[in-house]
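Listed below, chain by chain, are the residues.
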Amino acid sequence: MRNAIYYKYRSLENFERFINILVNERFYAASYKDLNDIMEGLYIDLGLKPKVSREIKNAKENYRICSFSKINNHPLLWAHYADGSKGVCIGCRITGQNVSIENVTYTGLAEIKNCFEANITAKEILLHKEATWEYEEEVRVLTKNGAKQVKVKIEEIIFGKRIALERKKLIKDICEKFLPNVKFKG
């Protein structure tokens, strides 16, 4: 999975943050509580002891998540994450060390009745989502111990159909200086 290209749809509303991504070839990893799905981190407790539930909660808070997609052309992803196709889709390879690259499972909330290792259980919980999100074909890069950045090698930039021509030109100019091998589409 490490060698695959994954896609991050981005709005350009915060252009400074976008430039930071290009120049430093890294993405921010958020706490599960800061992700857009209100069901993130929830699970079905099938009789865990309160002490074990606390251990799982603490373990979940130790992880940070950077979400990517396996696909670069889904209209809903363009609409939700790239400002209605006014943004970009960045294709990259994960190069960061001490990260875990995992596919999301779309079977609803994880059902937990036994917990032998809180970190493993927390990770399982953070990799489950409701089936309604399946169209995202999400891959999560998990960091631990508060690491807030995921290093990547940017391979391509796909421009949204509604991106401003001036922005498109500026992005190409910046990449020419900092990422000369990046391919462009759109």
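Residues numbered from 1 in each chain as written. Predicted model: local features only at pLDDT ≥ 70, side-chain atom pairs only at ≥ 80, totals over all residues. Heavy atoms only, no water.

(A) Fine view of the packing of helix α2 (residues 50–62) against helix α4 (residues 118–126). It is the contact of α2 with α4, at a shortest axis distance of 8 Å, that shows an interaxial angle of 65°. Of the possible angle classes, the one that applies to α2 and α4 is roughly perpendicular. Viewed along their axes, α2 and α4 form a crossing whose handedness is right-handed. Between α2 and α4, the contacting residues are E55, I56, A59 and K60 on the first element and A118, N119, T121, A122, I125 and L126 on the second. Looking at the contact of α2 with α4 residue by residue, the classes come out as 6 nonpolar, 2 polar and 2 charged. (Axes fitted to C-alpha atoms, helices over the stretch in contact; angles between N-to-C directions. Helix = DSSP H or I, 4+ residues; strand = E, 2+ residues; numbered from the N terminus. Parallel < 35°, antiparallel > 145°, perpendicular 65-115°, else oblique. Left-handed = near helix turned anticlockwise from the far one by under 90°. Contact = heavy atoms within 4.5 Å. Nonpolar A, V, L, I, M, F, W, Y, C, P; charged D, E, K, R; others polar.)

(B) Structural view of the packing of helix α1 (residues 15–24) against helix α5 (residues 165–178). Close contact between α1 and α5 brings their axes to 10 Å; oriented N to C, the two are set at 30°. The orientation of α1 with respect to α5, classified from their angle, is roughly parallel. The two elements α1 and α5 cross, and the hand of that crossing is right-handed. Contacts between α1 and α5 pair F15, F18, I19, L22 and V23 from the former with R167, L170, I171, I174, C175 and F178 from the latter. Here the residues of the contact of α1 with α5 sort into 10 nonpolar, no polar and 1 charged.

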